[in-house]
Each structure stands twice: as C-alpha cells, then as structure tokens.
Amino acid sequence: FQNHKGPASARNYGLENSTGEYISFIDSDDIVSLNLYTQITDIISKQKFDIVIFNAGFYDNKKRRTTKRLFFTTKTLKEYENEYSCLTYKNFKYLFFEQESIVNKVFKRSFLNENNIKFEENSNFEDRLFNFNSMLKAKSISVLNRRLYLYRYGHNNTMNSKIFAPNSKIIFEVFLNTDNMEKIILSEYPELKEHFLDSTIQKYTYYFMHYPKKIQ
C-alpha cells in the first residue's frame, strides 16, 4: 500500500511488486473484453513474446455507443501474417502514430526489468516514453488483430479533456516528453530520426490548431 502519488508512481509500484510472467495496464474507466487474457494466454503459451499488442476501439461516452474507429490497422504492418508473426519496431510503419498507448498491450515482466523500463513520474504523459522505450527495445512483438478493449472518451476525466481545457498548460509537458524521446532516437535509433520528426511536427500542428489562441 502507498499514498496516492499519481498513476506513474502506482504503476511503478506495481512493476516492482508484481510476480506474474506478464503484466498489463488498463484504465479504470475503459471497457475490457471478458476473454482478453484468455486470448493472450493462448498466444504466449506457444511463444514467449516480449510484447503482445491487441486491437482496441473507442466508446463515445456522451452518445453511449461504440465507434467504428480502431487503434490500428494491420495493413500497414510489414511481414505480418497472424498473431504468431514475430515483429520488431522495424515492422511498424506508423510506430509514432498508432502505437502510443499502453492499454492495448501486455508486457513480459522480465523484459521490462532487464531493460529497466519504468514510468516517468510527475508527468501527465507518463505512458508515452514507457511505451516507445518498450516498443523500440522489444525483440519479439505479437499483434493480435482483434478488438478486445474500448477506450472511453467524451467525459471530463480523459486526458484530452484536460489538455484542451481553458487555460490548461498541460500541453507543454508534451514538449519535454518529446525532447526525452528525441534523445533516445538520435543516440540509439538514428534511422528513425526523419520518421520521428515528421510525426512530431504533425502532432504539434494538431495540438496548436485545437488550442485556444491564448495558449497558441
């Protein structure tokens, strides 16, 4: 037990004290398929992937319905045949667009420990750096193209609602987060530099266009 110190601290505490072979992180207000972990177990029982990615959708909380949009499409994945295809970051054409979330992934605990991958505390974007570090370092990634998770949006507790709230300056944390990620890319994965900068420009443009003029 620990006092409330934010989601990153809680997740790090969970990582340090967990004993299972695999670990996942889900948000309390989202919707999870009842057979999510049964399907993941079927995969890792045959091959011990570092990461298993499953598809997810979106639930509109205001309209009380599931939308057609998905987290990703396998059409952009190189050399993908099925969930037993062993992939790395090199197979993900849109690594910095489609794979930002941690809620649609299951991680091998020993892989996280061996690479000292933890959450950045005191940040509203604690999962971005964790996610990219793990995706870049993983030597075996499975992609399960089934919608097993629904991300709930359209209520006041979502990060987007906090980011775009009047006078919110949370967005400036994204710049620091991106700087940290860029250091990793330039030093360890220089072949991704152009791809990373391209996605960063598009992301910053999106935020700029959606922010009030005062924050712009």
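As a reminder, the structure under discussion sits directly above these lines.
In short, a report on the structure. Values in this document were obtained by computation on a predicted structure and should not be read as measured data.

## Structural notes on the nonpolar core
A general tendency of soluble globular proteins is for nonpolar side chains to be buried together. Grouped together as the largest cluster of nonpolar side chains are 50 residues, with contacts concentrated most on F92 and F130. Ranked by the residues each element gives to this core, the list is headed by strand β3 (residues 51–60), at six residues. Each residue touching F92, except ones within four places of it in the same chain, is listed here: I53, L77, L87, Q99, M135, I141, V143 and H195. Within the second largest apolar cluster, seven residues are counted, among which are F125, V174, Y207 and I215.

## Some remarks on empty space enclosed by the protein
Scanning the model with the defined rule gives one cavity of 30 Å³ or more in all. In this structure, the largest cavity spans a volume of roughly 30 Å³. If you trace the largest cavity, you find it lined by F96, E100, R128, F132, F196, S199, T200 and K203. Listing elements by their share of the lining of the largest cavity, those giving two or more residues are α5 (126–137) and α8 (193–210). Examining the composition of the lining of the largest cavity, we find that four residues originate from one element, α8, more than from any other. Here the residues of the lining of the largest cavity are counted per class, giving three nonpolar, two polar and three charged.

## Re the pattern of salt bridges
Considering all chains together, one arrives at seven salt bridges under this definition. A salt bridge links E100 to K203, with the nearest nitrogen and oxygen atoms 2.9 Å apart. Pair noted here: E100 is in the loop between α3 (95–98) and β5 (105–108) and K203 is in helix α8, with a separation of 103 residues, a long-range link. For K203, a relative accessible area of 17% puts it in the buried group.

## Examining the packing of aromatic side chains
Tallied over the full model, the rule gives 14 aromatic pairs. Between the aromatic rings of F58 and Y151, the centroid separation amounts to 6.0 Å while the plane-to-plane angle is 85°, which identifies the pairing as edge-to-face. Pair noted here: F58 is in strand β3 and Y151 is in strand β6 (residues 141–153), with a separation of 93 residues, a long-range link. Residue F58 is classed as buried on the basis of its relative accessible area, which comes to 11%. Pairwise contacts between aromatic rings join F25, F107, F119 and F130 into one cluster. The ring of F58 has R69 lying over it, and the distance from NZ or CZ to the ring centre is 3.8 Å.

Cut-offs and rules
Every residue gets a number counted from 1 within its own chain, in the order that chain's sequence is written. Where totals are concerned, whole chains, interfaces and linings use all residues; where local detail is concerned, this predicted model gives features only for residues with pLDDT of at least 70, and gives and counts side-chain atom pairs only at 80 or more. Side-chain calculation: all heavy atoms of the structure are included, whereas hydrogens and water are not. As used here, the term nonpolar core means buried Ala, Val, Leu, Ile, Met, Phe, Trp, Tyr and Cys residues forming a set that is joined through side-chain atoms within 4.5 Å. Burial classification: accessible surface area is computed with a 1.4 Å probe over protein chains only, and a residue below 20% of its type maximum counts as buried, one above 50% as exposed, and the rest as partly exposed. Going along the chain from the N terminus, every DSSP run of H or I of four or more residues is numbered as a helix, and every run of E of two or more is numbered as a strand. Contact between two residues is taken to exist if any of their heavy atoms lie within 4.5 Å; hydrogens are not considered. Definitions used for this entry: grid spacing 1 Å over protein atoms alone; cavity, a set of points where a 1.4 Å probe fits but cannot get out; pocket, an open set with protein on both sides within 12 Å along at least 5 of 7 lines; lining residue, one with an atom within 4 Å of a point. Grid points are joined across faces, edges and corners, and a volume is the space filled by probe spheres set on the points. Residues are grouped as follows: nonpolar covers Ala, Val, Leu, Ile, Met, Phe, Trp, Tyr, Cys and Pro; charged covers Asp, Glu, Lys and Arg; every other residue, Gly included, is treated as polar. Salt bridge, as used here, is a side-chain nitrogen of Lys or Arg placed within 4 Å of a carboxyl oxygen of Asp or Glu. Paired rings are identified among Phe, Tyr and Trp, the last through its six-membered ring, by centres lying within 6.5 Å, and are further divided according to the angle between planes into stacked (under 30 degrees), edge-to-face (over 60) and tilted (the rest). Cation placement over rings: the criterion is NZ of Lys or CZ of Arg within 6 Å of the ring centroid and within 35° of the ring normal.

All we've got here are geometric facts, nothing functional implied.
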